[in-house]
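Inside the fold
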Amino acid sequence: MTDYRALDERSLLDYLRGQPAVTDLLGSGELVAEEMGDGNLNQVFIVRAVESGAAVIVKQALPYLRVAGDDWPLTRERMRFEIAALRL
């Protein structure tokens, strides 16, 4: 898990610029990201293309209970189950 890091608006955009699937959806122009809500478990962002207004939602599973911090660890594997359920 050495390559894991919690994202913020800036680091998320840096990450997404390297993801072809996102470029296919939003184009290669300017993007803006905004964190939505104040969830207990995950970080959720809305990312919009400035020019077209197209948007995607990005959800990141944190390895801890967000409101408690590192003192309450959680597995990020839970996101795999959520993805599988959504695909069904």
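Right, let's walk through the structure included here. The shown structure was predicted, so the numbers you read here are calculated from the model rather than taken from an experiment.

1. Here's the deal with the overall build of the chain
Each helix and strand in the chain was counted, giving three helices and five strands. Walking the chain from its N terminus toward its C terminus, one meets helices and strands in the order α-α-β-β-β-β-β-α. If you line up the chain on its principal axes, its C-alpha atoms span 40 × 30 × 25 Å. For the chain, buried positions account for 27% of its 88 residues.

2. Observations concerning the sheet that holds strand β3 (residues 55-61)
Spatial strand order, β1-β2-β3: three strands in an open sheet with antiparallel pairing. The open sheet has two free edges, formed respectively by β1 (31-35) and β3, since each of these has just one partner strand. Each adjacent strand pair in this sheet contributes to an overall mean axis angle of 25°, direction not counted. Across five bridges, the pairing between β1 and strand β2 (residues 42-49) is antiparallel. Considered in β2, the bridge of E35 is made with F45.

3. Thoughts on helix α1 (residues 9-16)
Residue pairs spaced three or four apart in an α-helix point in one direction, given the helix's 3.6 residues per turn. S11, L12, L13 and L16 are the residues of α1 that are buried. On its buried face, α1 is in contact with α2 (20-26), β1, β2 and β3. Capping of α1 at its N-terminal end is provided by D8; its side-chain oxygen lies 3.1 Å from the backbone amide nitrogen of R10.

4. A look at the side chain of S11
The topology assignment puts S11 in helix α1. Beyond its immediate stretch of four places on either side in the chain, S11 contacts R5 and A6.

5. Quick notes on the side chain of Q43
Mapped onto the elements of the fold, Q43 is located in strand β2. Looking at Q43, the relative accessible area reads 8%, which means it is buried. Looking at Q43, its side chain comes within polar contact range of the main-chain oxygen of L7, at 2.8 Å. In this structure, Q43 is in contact with A6, L7, E35, V58, K59, Q60, L62 and R66, ignoring residues within four places of it in sequence.

Cut-offs applied
Residues numbered from 1 in each chain as written. Predicted model: local features only at pLDDT ≥ 70, side-chain atom pairs only at ≥ 80, totals over all residues. Heavy atoms only, no water. Helix = DSSP H or I, 4+ residues; strand = E, 2+ residues; numbered from the N terminus. Buried < 20%, exposed > 50% of the residue type's maximum accessible area, 1.4 Å probe, protein only. Pairing = 2+ DSSP bridges. Axes fitted to C-alpha atoms, helices over the stretch in contact; angles between N-to-C directions. Contact = heavy atoms within 4.5 Å. Polar contact = N/O pair within 3.5 Å; in protein donor to acceptor, adjacent residues only side chain to side chain.

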